[in-house]
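So you can see what is in the structure, the chains are spelled out below.
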Amino acid sequence: MLRLLLYFLRLFITRRTLLYLHNFFTSIPKPITNLIAKIMPNQSDDLNSDPPPPPFDPSKPSIPISYPINSLEDLDSASYFTSFHYPFNKSTVPLHPPNSALPPRPRLLVCHDMQGGYVDDKWIQGGHNSGAYAIWHWYLIDVFVYFSHNLVTLPPPCWTNTAHRHGVKVLGTFITEWDEGAAICKKLLSTKESAHKYAERLAELAVALGFDGWLLNLEVKVDIGQIPNLKEFVSHLTQTIHSSLPGSLVIWYDSVTIDGELSWQNQLNEKNKPFFDITDGIFINYTWKEDYPKLSARVAGDRKFDVYMGIDVFGRGTFGGGQWTTNVALDVIKKDDVSAAVFAPGWVYETKQPPDFQTAQNRWWALVEKSWGIVQNYPKVLPFYSNFDQGRGNHISIDGAQVLSAQWNNISSQSFQPFLEYVDDPTSNTIDVRVDCSEVSFSGGGNLTFKGTLEANAYVSTRLFLGELFMGGLPVRFTYSVKSEGNSQLGLSLEFSSEMEGKKKLLLASQETNQFSSKFDETIVLHQPTKPDTAPGWVIQESNISMNGYTLTEIRAICYRKQPENSEHKSEARSKTTQDPAEYFAVLGHISISTSIQNTEFPPSTSWIVKGKDVEWGGSQGSKTLSLKISWKLKDGWSSRFPRYNIYVEKLIKQAVRPQGRKLETPALAPPNARNGKTEVAGEYLGESQVEAFYVSDFIIPSAISSLKYIIQPCDSGGASQVLDDAPFFQFNVEGQ
């Protein structure tokens, strides 16, 4: 009988299941490991078939990585701050507006929990998976929690950078689970002093790394005698982080009760309210009943928006079933005027929902938008820039020129994401609009592609952004890049609002048009600035607009077809009664909004201090590999004005000595340019950095190379970048090593 049971278990427990468990938990408890070994000896061996890698030593130079803290000893020692990786893990994008409190309305908290955490997103300088998981519907989110089952989960800076850019607060997670977690809690809560000490360590980490607080998830039974110290830990963390970081949050998870029991209440009541009273909110467990949000609101009183009713997107016992019916729970929560906490939206990605991740993701978040509504608006301040990059792709372009043709991912690279409306039935719309990573971009790795059919006198309007941008007395410059085919035209519709003057709608178009002028108050004909370095195929459109006293509330793309200029052709066009639809194709590369006084003055290369350190050589016969850390800073010490840097390297070849009577042969590496007695090969794009450092790992150096010139190209928040010839650089002599 036992053999038969083991046979069926082998059929139904796959290696994929075991690997998921292995990733989901920090470690599989010993009894489970033993059971796996008995049930599936070959499969369990697979988990450990490869020789174990050497222990991770965060003090040694290596490719910058995000990682958690797994013990109280490491938390107490503050060893994280002496790690080689610490400077790279700092987020650099401040939350706007700074020090702001959450709005007094129902809020949406999203708890990421994707494949156990620290997957593609752990590579701070970017990874090589264009299919990596990302979130881009930030305009529907108020708070983002980075979650894993490690003791101290520190959000990778890519999430904090992008969330802050979109006005979303970011929390890390402190969690205790199982027997190991119970032992940790016993030590943490042994005295009031230890409770205070560890609370202060957590506050220090959030402030130093630039995220906004903590989710506290204690899922162990706590000795009743240690409950006073637990309250000390929670309240001291809340008070300390509030004083160090105004606008920060500490949120309690509905698990341990005030009497120390591990008992999920699924609502706010007298058993968990004491923790709610000393924090900024409570994340309610998922298995609540329909009347629990209303009951919780009554208990919370005037703090009802600080109650976040949990929804598990995987649907594990959650109200409404999660998955494609997550909106059922959201509707109930919104009706009862409390907040929502959506757990594991990565379900769409992990379960490979058809037809593809991008489509399924847009469809799922459209349900959230329909139920909950938009909670973030932008643009809010100037300059505003979006190249529609989702932080992943198959190429990277800068000013229309492609600098990388390989898969990549880096969520930090996300620019402001458009508020695209999901169309469930594409046949109902003549133009399909999507963020596209395959079409060559003007900037970054994405763009907006408009493709379909369009009748001659028709137009299609697509929502891009909903804003709150007050227009002052200075003219505001609107710039965007377009690539189109045939007579396809792409304009922008701008809607403004004023308490005194009401609403006003402007059309920005490349030429005067009367096709749909009745739909707009004014048509502004754009001009094309002279930019000799603009890549072929891209057209830059630009106009200055004065709307003093108005607020920009909406930006839409307008797809239309160019009308014949010749009067004879116009007559022929009008005589067609069928108005047959024609193919339409256009690409929107970027949108930039700024004032004339916001043109960046990039300091010359002599204004910078650039250093190289932590040099390590490797490689085999005939070639070398080089690893090193490059760091830079302005001599005046002011470093916050540039949010991003592009990193290039030029391989410099020493001119060979030419025998008399013999022509000098050019090395077959690239078309050379003579400069300063050396042959200079075109620069190679290495990546980007949001901090003032970049780590080059195992860079292969052919034998003909004598030196390397690393170029750091500062970029401003409006999308402009410094001319490479004027940018700071670090030159490294290869011959002398």
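Residues numbered from 1 in each chain as written. Predicted model: local features only at pLDDT ≥ 70, side-chain atom pairs only at ≥ 80, totals over all residues. Heavy atoms only, no water.

With an unreviewed UniProt entry as reference, the protein is termed mannosyl-glycoprotein endo-beta-N-acetylglucosaminidase, source organism Gossypium laxum. Among the UniProt annotations of the protein, the heading Function (unreviewed entry) holds the following wording: "Endoglycosidase that releases N-glycans from glycoproteins by cleaving the beta-1,4-glycosidic bond in the N,N'-diacetylchitobiose core. Involved in the production of high-mannose type N-glycans during plant development and fruit maturation." Under the UniProt heading Subcellular location (unreviewed entry), the note attached to the protein is "Cytoplasm, Cytosol". (UniProt positions renumbered as here; feature names shortened; annotations may be inferred.)

J.: Just to check I follow, could you spell out the pattern of salt bridges for this structure?
T.: Opposite charge on two side chains permits pairing when their charged atoms draw close. Within this structure, the stated rule accounts for 19 salt bridges. As a salt-bridge pair, R201 and D76 come within 3.9 Å of each other at their nearest N and O atoms. Of the two residues, R201 sits in helix α8 (residues 192-209) while D76 sits in helix α5 (residues 72-77), which places them 125 residues apart along the sequence. R201 is the partner of E204 in a salt bridge, and the nearest nitrogen-oxygen pair spans 3.6 Å. Here R201 and E204 lie together in helix α8, a separation of three residues that amounts to about one turn. Three or more residues joined by partner-sharing salt bridges are found here, namely D76, K197, R201 and E204. (Salt bridge = Lys/Arg side-chain N within 4 Å of Asp/Glu carboxyl O. Helix = DSSP H or I, 4+ residues; strand = E, 2+ residues; numbered from the N terminus.)

J.: How should I be thinking about the packing of helix α12 (residues 326-335) against helix α14 (residues 357-372) in this particular structure?
T.: Running from amino to carboxyl end, α12 crosses α14 at an angle of 20°, the nearest separation of the two axes being 9 Å. Here α12 is positioned roughly parallel relative to α14, judged by the angle of their axes. For the element pair α12 and α14, the recorded crossing hand is right-handed. Taking contact as the criterion, the partners of T326, N327, L330, D331, I333 and K334 in α12 are, on α14, W364, L367, V368, S371 and W372. (Axes fitted to C-alpha atoms, helices over the stretch in contact; angles between N-to-C directions. Parallel < 35°, antiparallel > 145°, perpendicular 65-115°, else oblique. Left-handed = near helix turned anticlockwise from the far one by under 90°. Contact = heavy atoms within 4.5 Å.)

J.: I keep staring at unusual backbone geometry and nothing clicks. Help me out?
T.: A negative phi angle is the norm for most residues apart from glycine, just as the trans form is the norm for most peptide bonds. Backbone torsion omega between P354 and P355 reads 0°, so that peptide bond is classified as cis. Position of P355 among the secondary structure elements: in the loop between α13 (347-350) and α14. Along the chain, L382 connects to P383 via a cis peptide bond; the corresponding omega equals 0°. Inspection of the secondary structure assignment puts P383 in the loop between α14 and β10 (384-386). For Y118, which is not glycine, the phi dihedral falls at a positive 55°. A positive phi is found at W178, a non-glycine position, where the angle reads about 60°. Tracing the backbone through its elements, the reader meets W178 in helix α7 (residues 178-188).

J.: How do you make sense of the environment of E204 when you look at a structure like this?
T.: E204 sits in the partly exposed class, given a relative accessible area of 36%. In this structure, the C-alpha to C-alpha distance between E204 and A78, residues 126 residues apart in sequence, is 9.4 Å. (Buried < 20%, exposed > 50% of the residue type's maximum accessible area, 1.4 Å probe, protein only.)

J.: Mind showing me how you'd approach the pairing of strand β23 (residues 551-561) here?
T.: A regular strand places its side chains on the two faces of the sheet in alternate fashion. Along β23, nine of the eleven residues are buried, which leaves the element largely enclosed by surrounding structure. Note: strand β19 (residues 488-498) against β23, ten bridges, orientation antiparallel. Its bridge partner being in β23, S493 is matched across the sheet by R556. (Pairing = 2+ DSSP bridges.)

J.: Would you mind going over the side chain of E177 with me for this structure?
T.: Inspection of the secondary structure assignment puts E177 in strand β4 (residues 169-177). The side chain of E177 is buried and forms no salt bridge, while R316, the nearest opposite charge, is found at 11 Å. The contact partners of E177, leaving out residues within four places of it in the chain, are H149, A182, E219 and V220. (Lys, Arg positive; Asp, Glu negative; His and termini not counted.)

J.: Explain the nonpolar core here, please?
T.: A general trend in soluble globular proteins is that nonpolar side chains are found buried together. Counting 149 residues, the largest nonpolar core has W214 and F233 as the members making the most contacts within it. The leading source of residues in this core is α8, at eight residues. When residues of this core are assigned to domains, at least three fall in each of domain 1 (109-117 + 141-372) and domain 2 (384-562 + 583-595). Residues contacting F233, with those up to four places away along its chain left out, are F174, L188, L189, A195, Y198, A199, L202 and L216. Residues W632, F642, F699 and I712 belong to the second largest nonpolar core, which totals 23 residues. (Core = buried A, V, L, I, M, F, W, Y, C linked by side-chain atoms within 4.5 Å. Domains from an automatic or database assignment.)

J.: Looking at this structure, I do not really get the pairing of strand β32 (residues 705-715). What am I missing?
T.: When you tally the buried positions in β32, you get eleven out of eleven residues, the bulk of the element. Where strand β27 (residues 644-654) lies against β32, ten bridges are found, and the strand directions are antiparallel. Bridging across to β32, E650 finds its partner in K709. Judged from the five bridges that link them, β32 and strand β33 (residues 729-733) form a sheet pairing that is antiparallel. From the neighbouring strand, S707 faces β33, where its bridge partner is N733.

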